[in-house]
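Tertiary structure, described
Here is how the chains run, residue by residue.
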Amino acid sequence: MHLANAIKHPNCKLQSLSLERNNASDDGATHLANALRHYGCKLQRLILEGNNISDAGAEVFADAIKHSNCSLQELNLNYNDNIGDAGVTHFAHALRHSNCKLTALG
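Here's what I pulled together on the structure shown here. It should be emphasised that the depicted structure is a prediction, and the values quoted were computed from it without experimental measurement.

What counts and how
- Residues numbered from 1 in each chain as written.
- Predicted model: local features only at pLDDT ≥ 70, side-chain atom pairs only at ≥ 80, totals over all residues.
- Heavy atoms only, no water.
- Helix = DSSP H or I, 4+ residues; strand = E, 2+ residues; numbered from the N terminus.
- Rg over C-alpha atoms; globule rule 2.2 N^0.38 Å.
- Buried < 20%, exposed > 50% of the residue type's maximum accessible area, 1.4 Å probe, protein only.
- Axes fitted to C-alpha atoms, helices over the stretch in contact; angles between N-to-C directions.
- Parallel < 35°, antiparallel > 145°, perpendicular 65-115°, else oblique.
- Contact = heavy atoms within 4.5 Å.
- Nonpolar A, V, L, I, M, F, W, Y, C, P; charged D, E, K, R; others polar.

**Section: the overall build of the chain**
A count of helical and extended segments in the chain gives 4 helices and 4 strands. Counting helices and strands in the order they occur from the N terminus, the chain gives α-β-α-β-α-β-α-β. Its C-alpha atoms give the chain a radius of gyration of 12 Å, near enough to 13 Å, the size a compact globule of 106 residues would have. With 106 residues in all, the chain has 38% of them scored as buried.

So, in structure tokens, the structure goes:
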């Protein structure tokens, strides 16, 4: 996913990204979550409604928001019906982490 590489670039000023209903799936979620861990990523708001993301994608995002470089404050995963109890549990643990900066999770 070239977009994930772009948001890590030091010249990228993007703070908000909406990719609603783009079928990013867990593969795309993994690329984006890895980008969130990068020191050059400035994203504060990420909207991924309706992207066929499952518990596996939720897990990679939960891990990313615990990273000290992650500046994400809002993550919207609404209408990803394959996120179940396991995905919610990953987020519950991540939200208690001292590095987590999220103020909104949907």
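**As for the packing of helix H2 (residues 25-36) against helix H3 (residues 55-64)**
At a minimum axis distance of 9 Å, the contact between H2 and H3 shows a crossing angle of 0°. With respect to their mutual orientation, H2 and H3 come out roughly parallel. Residues Asp-26, Ala-29, Thr-30, Leu-32, Ala-33 and Leu-36 of H2 pack against Ala-56, Gly-57, Val-60, Phe-61 and Ala-64 of H3. Grouping the constituent residues of the contact of H2 with H3 by class yields 8 nonpolar, 2 polar and 1 charged.

**Let's talk about the packing of H3 against helix H4 (residues 85-95)**
At their nearest, the axes of H3 and H4 sit 8 Å apart, and the two run at 5° to each other. Taken together, H3 and H4 sit at an angle that is classed as roughly parallel. Side by side, H3 and H4 meet where Asp-55, Ala-58, Glu-59, Phe-61 and Ala-62 of the first sit next to Ala-86, Gly-87, His-90, Phe-91 and Ala-94 of the second. The residue inventory of the contact of H3 with H4, partitioned by class, reads 6 nonpolar, 2 polar and 2 charged.

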